[in-house]
Amino acid sequence: MPQLPRRSLLMGVAMAGVAAQIPGARPAAAQTRTAPVGPEAVPSPSVDAGVPLRWLDGGTPRALVGATWGVPWPRGALPRGRELSLTTAAGTAVPVQSWPIGFWPDGTVKWTAHAIGTGVPPAADYLLRPGQPAAPETPLRVTETARVIEVDTGVVRCRIARRGRVLVPSIVRADRTVAANGTLVCLRKDGPGDQEAGTLRQERFTSDIRAVTVEQRGPVRAVVRVDGRHRADRGRREWLPFTIRLYLYADSDGIRMVHSFVFDGDERKDFISGLGVRFQVPMTDQPHDRHVRFAGEGMERTEGLAGVLGEAVRGITGLRRDPGAAVRQAQIAGERTPDVSTWDTRVTNRLHLVPAWGDYSLRQLSDGCFDIRKRTRAGHGWVQVDTGRRASGLGYVGGVSGGLAFGMKDFWQLHPTQLDIRGAAGDTAEVTVWLWSPDATPMDLRFYHDGMGQDSYPEQLEGLEITYEDYEPGFGSPYGIARTTELSFWALDRTPSAERFAELAAAVRTPPLVVAPPAHLHAAGVFGDWSLVDRSTPARREIEDRLDFLFDFHRDQVDQRSWYGFWNYGDIMHSYDPDRHVWRYDVGGYAWANSELSPDLWLWYQYLRSGRADVFRFAEAMTRHTGEVDVYHLGTYRDLGTRHGVLHWADSAKQLRISSAAYRRFYYFLTADERTGDLMRDLVDADRTFLALDPIRKIRTEPYQPDPHALGIGFGTDWSGLAAAWLTEWERGGDPIARTKLVNTARSIAAQPNGFIQGDGLYDLATGLFAIGAPKVSVGSLGAVFGLVEMCSELVDLLGLPDFTDAWLQYCRLYNGTAAEQIAETGQSFGNLNLRQAHARLTAYAAAGTGNPALAARAWQEFHTGHAGYPGNLDWRSVRIEAPAVLKPVDEASFVSTNASSQYGLAAIQCLALVGDHLPAQEDR
């Protein structure tokens, strides 16, 4: 991709001052929007009073590696450098590590991040407030040498290599090496493995370290980042760049790993047939005191704890001769058996004749079935152990003197996955967490059709008319897509009991997270326009019930329609086919949604206002997916996302509207997740993408050659994506160039003859300014529905630019206005615009900004009319479709589409926040 040095892009931060002198801006005609008042308003909290915190899923977790979370603060409330303390609700001090991750324009802290280890008082509720933080009894220590970085949590010591193929040379507990030689492994085949492929060649690759960075060291938490590539065991090929982050916490025997990789192969030749993380576990106990554990599915009758398969490497139960009840009971419990001299000699004399089962495998090849097998050793047959539906993703191998528990979050959701144990009967067991199972069909990322003659732009546009897919040869490449997976490891000093193992499995399935309540999030004034759930009137209750219905329906569709799998989990489908009673999974642009019309934003605002754990987990999975799979991280399309389609990378529309940081900011600030921070920081220079790819190349009528000083960039979906990245970088205290670009573009949009209504402009990479164009009107229905509304709401408050505020209020007033109103202000009608229900929230914004009750009434009329959305007179129910009409019973609401749900949700939430006190009673509509 053509690029300019970043530091030469702008002529210094002083360019912000130059932008202030841009001529042509209209005088401000409206006051800056004020905060909403009414039932949804919450007074700003007192910092000294503290912030109440709780666990997202309620109660008190019984197991965790450690926990990290984010907390917002009102503008001007928390000065930089002020220390924060954490206590239980009862007042017991909790060791905590805190650091700022976001700032207000006045320099005060907007977001703080916090970490606690496992040696904390168990509590369901906590209080965060200014004060001296308590230190852990044994503060975490990081020691660096030329060859390794050692992190000592006070319970375990983890050594991380600076170079070579072994990432983690050892994990030691109490001077015993529990695990060693931690590496990444990859298997590659040169074909898909189907019957037509013939004989396939398989290659093996292992991690190769390129850089290691200690990103954080503190008394409670340390973060070590390892970057590298997978290198062939034989030959010189290197591919699949990876980033591994290891998280360690004070007093914890657990290690959290976040594994990210980018696909940079040729999808026609490179078929990943296995991808995993591997450790070796020394086995020092007698075979009958060695144990294997696997967690099954969580069971409601046991408070969500998973079922556990527990076996000894050499079993002594069920034999023809009985070693004694005490011996049998100890082995079943995973405890040290009595000395063999106390056993029945008819067993001890023949113990060597009892097979030792050294190899185990749990495979989750689909979302509905897993199986467990075992064998004595390689070269011998497998014996079926058991099957189940959805494994929790946790295994263990070791003995009564210690061993390693190893697990993967979203194990069955991200199928095909696998947990392997090999050689447990020997001196060293090998464990592998397979992110892609070697027993599954190799990963096939090839395009799903041959183009069907769509070689020219006119033919491709015709394809849009029938399948809604924007096809273009060569653009359906997966080169540069990525995936992130979360893993957990525990270095245990004994074989865990079934109950303890089930508790660890629960922490793998649903890692505990501390959260601030919705009332505090709202009072802090973050993320623009939203209000708390309010059912105080029948009209409000009706909208709240419909919001719940839409979320519950889409959440349940994920399970009913099996929207799972390594590349799919976290996304939802775009549109429904009521004739087949299926979502249009195989119909071009109607298949995977890929953030189309912002379901990500809808889910996050639904969480902010409700605090529901299920909403958070849904939004979390979507953020993990859309930020990785739907966006390119390498290659020609780097920093761009892909429009909706049958494959997540199929459509030729590669645009910032999909890769937008607007969809990631929530998760980052609520969790302080470093990987999400990386993804957003990568987008700071996304304005360079317009040199590589013209997003409107198929509909241009004039010749166009990308010019770094005159790039055609739209003020809607394009600029909103850029602004989101620049705003987030500015908030995080990053490169000041981001703020300069943000301010310069905002001012030069406002300076256009028709402001946002101008539609687009020529952007200069060197100055961050749009050239002032001739007056025109170019308003599209999609411009504001990919984060522009949310970005402008925040920027109006943060930048304090009256001309920008005026330009945005004008756009909000006129989009759903009459043709006469549009002509009077801009000289031209906007034409027959779509998505008027979605844009009701723009009318509401204008009403709140100008104090105009007529606009407020108009906003609610637009909302309830439901143009291109959900009108108020719908039958808001689903129906059950049974066999034989469908393969399996499903719930159907044929009026539902993801576009409409997303925009209805956002319009409802923002209208309630902005003009909720003008909501008409049901009988008045």
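Once a new chain begins, its residue numbering starts again from 1 and follows that chain's sequence as written. At least 70 in pLDDT is required for a residue's local features to be given in this predicted model, at least 80 for side-chain atom pairs to be given and counted, and no such filter applies to totals for whole chains, interfaces and linings, which use all residues. Hydrogens are left out, water is left out, and the side-chain values use all remaining heavy atoms of the structure.

Would you mind going over the pattern of salt bridges with me for this structure?
For side chains bearing opposite charge, pairing can occur when the charged atoms are close. Whenever Lys or Arg places a side-chain nitrogen within 4 Å of a carboxyl oxygen from Asp or Glu, that contact is recorded as a salt bridge. All told, the structure shown has 81 salt bridges when counted by the stated rule. Across the pair Asp444 and Arg446 runs a salt bridge, and its minimum N-O distance is 2.7 Å. Between Glu702 and Arg700 there is a salt bridge, and its shortest N-O distance comes to 3.0 Å. Beyond isolated ion pairs, a larger network of salt bridges with shared partners links Arg535, Asp545, Asp548, Asp552, Arg555, Asp556, Arg612 and Asp614.

What am I meant to see in the packing of helix H18 (residues 802-815) against helix H20 (residues 840-850) here?
A pair of packed helices is captured by two measures, namely the crossing angle of their axes and the spacing between those axes. Between H18 and H20, the least distance of the axes is 7 Å, while the angle of their chain directions is 125°. The orientation of H18 relative to H20 falls into the category oblique. Read as a crossing pair, H18 and H20 show a hand that is left-handed. Note on element contacts: H20 touches H18 through Leu842, Thr843, Tyr845, Ala846 and Gly849, opposite Trp808, Leu809, Tyr811, Cys812 and Arg813. When the residues that make up the contact of H18 with H20 are grouped by side-chain class, the tally is seven nonpolar, two polar and one charged. Axis lines are fitted to C-alpha atoms, over the contacting stretch for helices. Their N-to-C directions set the angle, which ranges from 0 to 180 degrees. Comment: elements are numbered from the N terminus, with helices defined as DSSP H or I runs of at least four residues and strands as E runs of at least two. Any angle that is under 35 degrees is reported as roughly parallel, and any over 145 degrees as roughly antiparallel; angles of 65 to 115 degrees are reported as roughly perpendicular and all others as oblique. Crossing handedness: left-handed means the near helix sits turned counterclockwise from the far one by under a right angle, and right-handed means the same turn made clockwise. Here, residues are in contact when the closest pair of their heavy atoms is within 4.5 Å. Residues are grouped as follows: Ala, Val, Leu, Ile, Met, Phe, Trp, Tyr, Cys and Pro are nonpolar; Asp, Glu, Lys and Arg are charged; all remaining types, including Gly, are polar.

How should the sheet that holds strand S33 (residues 711-714) be read in this particular structure?
Two pairing modes exist for strands in a sheet, parallel and antiparallel, and in both the strands are linked by backbone hydrogen bonds. What makes two strands pair is DSSP finding at least two bridges between them. Read across the sheet, three strands follow the order S33-S34-S35 without closing on themselves; strand pairing throughout is antiparallel. In this open sheet, the two strands that pair with only one neighbour each are S33 and strand S35 (769-770). Both S33 and strand S34 (residues 760-764) contribute to a ladder of four bridges, which runs antiparallel. Residue Gly712 lies in a different strand from S34, and its bridge partner there is Leu762. Contacts from helix H15 (residues 717-731) reach S33, S34 and S35 within the one sheet, and its direction differs from that of S33 by about 90°.

Hey, could you run me through empty space enclosed by the protein in this one?
The gaps of empty space that remain are located by a probe, the size of a water molecule, rolled over the atoms. Method remark: on a 1 Å grid restricted to protein atoms, a set of points is classed as a cavity if a 1.4 Å probe fits but cannot get out and as a pocket if it is open with protein on both sides within 12 Å along at least five of seven lines; lining residues have an atom within 4 Å of a point. Grid points are joined across faces, edges and corners, and a volume is the space filled by probe spheres set on the points. Scanning the entire structure with this criterion turns up seven cavities of 30 Å³ or more. Reported here for the largest cavity is a volume of approximately 390 Å³. Taken together, 29 residues make up the lining of the largest cavity; nearest its centre are Gly66, Arg256, Glu486, Pro511 and Pro512. Going through the elements one at a time, strand S2 (67-72), strand S15 (238-249), strand S24 (402-408), strand S27 (482-492), helix H6 (498-509), helix H10 (613-628) and helix H12 (665-671) are the ones with two or more residues in the lining of the largest cavity. By residue number, the principal contributor to the lining of the largest cavity is S27, which donates four residues. Tallied by class, residues from the lining of the largest cavity come to 16 nonpolar, five polar and eight charged. In this model, the second largest cavity occupies a volume close to 100 Å³. Lys409, Asp410, Leu414, Arg483, Thr484, Thr485, Glu486, Tyr569, Glu620, Ala621 and Arg624 are the residues that line the second largest cavity.

Is there a simple way to think about the side chain of Asp764 in this case?
With respect to the element layout, Asp764 can be found in strand S34. Accessible area is worked out with a 1.4 Å probe on protein chains only. A residue is then buried under 20% of its type maximum, exposed over 50%, and partly exposed in between. Neither His nor the chain ends contribute to the count of charged residues, in which Lys and Arg are positive and Asp and Glu negative. Within the buried set, Asp764 has no salt-bridge partner at all; the shortest N-O distance to an opposite charge, 10 Å, is to Lys741. The term polar contact refers here to a pair of N or O atoms within 3.5 Å; inside protein, the definition further demands a hydrogen-donor-capable atom paired with an acceptor-capable atom, and it admits residues adjacent in sequence only when both atoms are side-chain atoms. Looking at Asp764, its side chain comes within polar contact range of the side chain of His709, at 2.9 Å. Look past the residues within four positions of Asp764 in its chain and what remains in contact with it is Pro708, His709 and Leu769.

What is the right way to look at the nonpolar core in this model?
Across soluble globular proteins, you tend to see nonpolar side chains buried next to one another. Core analysis: the largest hydrophobic core is formed by 267 residues, its most contacted members being Leu53, Val397, Trp719, Phe756, Phe804 and Trp808. When residues in this core are grouped by element, the largest group, ten residues, is from helix H22 (residues 898-915). Those residues in contact with Val397 that lie beyond four places of it in its chain are Val281, Met283, His291, Val292, Gly403, Leu404, Phe406, Ile421, Ala424, Ala429 and Val431. One finds Val327, Trp343, Val347 and Leu351 within the second-largest nonpolar core, a separate group that totals five residues. Definition of nonpolar core: a set of buried residues of the types Ala, Val, Leu, Ile, Met, Phe, Trp, Tyr and Cys, connected through side-chain atoms within 4.5 Å.

Just to check I follow, could you spell out the sheet that holds strand S1 (residues 51-55) for this structure?
Taken together, the five strands give an open sheet; going across it, the order is S4-S3-S7-S1-S28, and neighbouring strands pair in antiparallel fashion. Only two strands of the sheet have a single neighbouring strand rather than two, namely strand S4 (93-94) and strand S28 (514-515). Both strand S3 (residues 84-88) and S4 contribute to a ladder of two bridges, which runs antiparallel. Of the residues in S4, the one forming a bridge with Leu86 is Val94.

Looking at this structure, I do not really get the environment of Thr767. What am I missing?
Tracing the sequence through the fold places Thr767 in the loop between S34 and S35. Taking the C-alpha atoms as reference, Thr767 lies 51 Å from Pro438; in sequence the two are 329 residues apart.

How should the packing of aromatic side chains be read in this particular structure?
Any two aromatic rings considered together are summarised by their centre-to-centre distance and by the angle between their planes. Aromatic contacts are taken between Phe, Tyr and Trp rings whose centres are within 6.5 Å, Trp giving its six-membered ring; a plane angle under 30 degrees counts as stacked, one over 60 as edge-to-face, and the others as tilted. Under the counting rule described, the total for this entry stands at 51 aromatic pairs. Here the aromatic rings of Trp719 and Phe756 are separated by 5.9 Å at their centres, their planes lie at 65°, and the arrangement is edge-to-face. Of this pair, Trp719 sits in helix H15 while Phe756 sits in the loop between helix H16 (736-750) and S34; the two residues are 37 residues apart in sequence, bridging distant segments of the chain. Judged by its relative accessible area of 3%, Phe756 falls in the buried class. Ring centres of Phe756 and Phe804 lie 5.7 Å apart, and the angle between their planes is 65°; on these two criteria the pair is classed as edge-to-face. Taken together, the residues span a long stretch of sequence, with Phe756 in the loop between H16 and S34 and Phe804 in helix H18 at a distance of 48 residues. Accessibility assignment for this pair places Phe756 and Phe804 in one class, buried.

Sorry if this is basic, but what is going on with the pairing of S2 here?
Each regular strand shows side chains that alternate between the opposite faces of the sheet. S2 sits mainly inside the fold: six of its six residues count as buried. Inspection of the sheet shows S2 paired to strand S6 (residues 109-116) by six bridges, in the antiparallel sense. Counted as the bridge partner of Trp69 is His114 from S6.

Help me understand the environment of Leu351, please; the structure alone is not making it clear to me.
Counting through the fold element by element, Leu351 comes out in the loop between helix H4 (345-348) and strand S20 (359-366). Along the backbone, Leu351 and His288 are 63 residues apart, and their C-alpha atoms lie at a distance of 9.3 Å. Residues contacting Leu351, with those up to four places away along its chain left out, are His288, Arg314, Ile316 and Trp343.

Honestly, a negative patch on the surface in this entry has me stumped. Any pointers?
Like-charged residues are merged into a patch within 9 Å and nonpolar side chains (Val, Leu, Ile, Met, Phe, Trp, Tyr) within 5 Å, provided each residue has over 30% relative accessible area and no salt bridge. Note on areas: these come from Shrake-Rupley sampling with a 1.4 Å probe, and a residue is covered only by the protein chains present in the view. Charged side chains are reduced to one point each, which is NZ for Lys, CZ for Arg, CG for Asp and CD for Glu. Taken together, Asp455, Glu459, Glu462 and Glu465 make up a surface patch of like negative charges. Relative to the assigned elements, Glu459 resides in helix H5 (residues 457-467). Exposure remark for Glu459: the relative accessible area of 36% places this residue in the partly exposed category.

How should the side chain of Arg173 be read in this particular structure?
Of note, Arg173 is situated in strand S11 (residues 168-173). Note on Arg173: relative accessible area 17%, which makes it buried. From its side chain, Arg173 meets the backbone oxygen of Ala491 in a polar contact 2.8 Å long. When neighbours within four sequence positions are excluded, Arg173 is seen to be in contact with Val155, Val156, Val178, Asp253, Ala491, Leu492 and Asp493.

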